[in-house]
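Here is how the chains run, residue by residue.
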Amino acid sequence: MSRSRRDTRTAYLLLAPSLVGVVLFLLVPVLIVLGLALFRWDLVGPRTFVGLDNVAAVAADGRFARSLLVTAFFVLIVIPVQTVLGLAAALLLDRGLPGTTVFRVVFVLPWICAPLVLGVVWRWILSPTDGALNALLGIRVEWLADPALALPSVAAVTAWTQVGYVALFFLAGLRAIPDTIVEAARLDGASAWQLLWRIRLPLLRPTLFFVLVTGVISSFQVFDSVYALTPNGGPQGVTDVVAGRIYYEAFENRAVGQAAVMAVVLFVILVVVTVAQQRWFSPRTTYELDT
């Protein structure tokens with residue numbers, strides 16, 4: 001056996017555990033959902049093959065179309081906020097000020113906590129009667145009951161939980177930038193703004209790509225915190241995100257086939273958005289530096 005074939009076989013053997021995990025926990029569930037989309041099932045009785053009837057029912061369901069729109073607005077709020085705040089926090093942590101290690105832990109605590117628990121805590125904070133935020137402001141605001149404020153409030157809580165996660169990746173990206181490049185720019189008279197805009201941000205594009213892709217995927221799939229803050233889609237359905245609509249359809253309406261179709265649509269949307277991001281970043285991203 002040639003050395004190249006032996007190396008290839010060794011590589012596949014080393015990859016086997018990960019490939020088994022991908023097949024069992026990613027590909028198989030996707031195939032199961034695709035199969036369920038062709039059946040009518042209420043979780044209890046027998047499954048009945050209906051073909052594309054579930055697809056037609058979902059296409060005619062105005063609630064699903066509305067949930068897609070709600071989720072799109074949610075993502076448009078969360079992603080810019082958490083990205084900008086995460087980058088700002090990373091820049092502060094990168095300065096090495098006293099207490100940086102403590103603040104690094106504090107920033108990441110919301111991300112490692114259970115979203116459902118954080119949702120319950122924030123529901124008390126935003127309570128109109130005895131909530132901490134209204135007590136601090138001295139006024140009564142229906143943060144979660146007002147249709148105009150419910151979605152921004154939920155999005156703000158979600159962004160708050162993700163800032164530490166984003167900051168850690170940006171901090172790692174900043175630490176990976178060679179000091180020689182930064183020092184050379186300073187010797188050439190570059191200001192702090194020019195260092196950020198023309199040196200650090202361009203070199204952070206691989207990190208930014210990862211943060212945006214993972215952030216968009218998690219935001220499209222958000223459910224726990226939204227459910228804890230505003231059950232049943234919130235006031236007038238303004239927080240009825242796609243993941244919540246799938247849950248309600250499958251476990252409350254017991255229309256598993258239609259829920260499976262919705263899940264497939266969400267999967268396709270995420271694939272399209274991820275590929276679009278990859279195509280946009282690919283020609284603009286440098287992963288290696290000559291030092």
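Preceding this paragraph is the structure being described.
Scoring rules and cut-offs
Residues numbered from 1 in each chain as written. Predicted model: local features only at pLDDT ≥ 70, side-chain atom pairs only at ≥ 80, totals over all residues. Heavy atoms only, no water. 1 Å grid on protein atoms, 1.4 Å probe; cavity = no way out; pocket = protein on both sides within 12 Å on 5 of 7 lines; lining within 4 Å. Points joined across faces, edges and corners; volume = space filled by probe spheres on them. Helix = DSSP H or I, 4+ residues; strand = E, 2+ residues; numbered from the N terminus. Nonpolar A, V, L, I, M, F, W, Y, C, P; charged D, E, K, R; others polar. Buried < 20%, exposed > 50% of the residue type's maximum accessible area, 1.4 Å probe, protein only. Phe/Tyr/Trp six-rings, centres within 6.5 Å; stacked < 30°, edge-to-face > 60°.

Participant: Explain empty space enclosed by the protein to me, and be specific about the residues and the numbers.
Facilitator: For the coordinates displayed, the defined rule picks out 1 cavity of 30 Å³ or more. Space inside the largest cavity adds up to approximately 40 Å³. If you trace the largest cavity, you find it lined by Phe223, Val226, Tyr227, Thr230, Gly233, Thr239, Asp240, Val241, Gly244, Arg245 and Tyr248. Elements represented by at least two residues in the lining of the largest cavity include exactly α11 (224-229) and α12 (242-252). No other element matches α12, which puts 3 residues into the lining of the largest cavity. Residue composition of the lining of the largest cavity, by class: 5 nonpolar, 4 polar and 2 charged.

Participant: Explain the environment of phenylalanine 73 to me, and be specific about the residues and the numbers.
Facilitator: Relative to the elements of secondary structure, phenylalanine 73 occurs in helix α3 (residues 62-94). You can call phenylalanine 73 partly exposed: its relative accessible area is 46%.

Participant: Got a sec to walk through the packing of aromatic side chains? Specific residues and values, please.
Facilitator: Going through the model one piece at a time under the given rule, you end up with 14 aromatic pairs. Taking the centre distance of 5.5 Å and the plane angle of 55° together, the rings of phenylalanine 209 and phenylalanine 281 count as tilted. Of the two residues, phenylalanine 209 sits in helix α10 (residues 205-220) while phenylalanine 281 sits in helix α13 (residues 256-281), which places them 72 residues apart along the sequence. Taking relative accessible area as the criterion, phenylalanine 209 reaches 18% and is therefore assigned buried. Take phenylalanine 281: its relative accessible area is 6%, and that puts it in the buried class.

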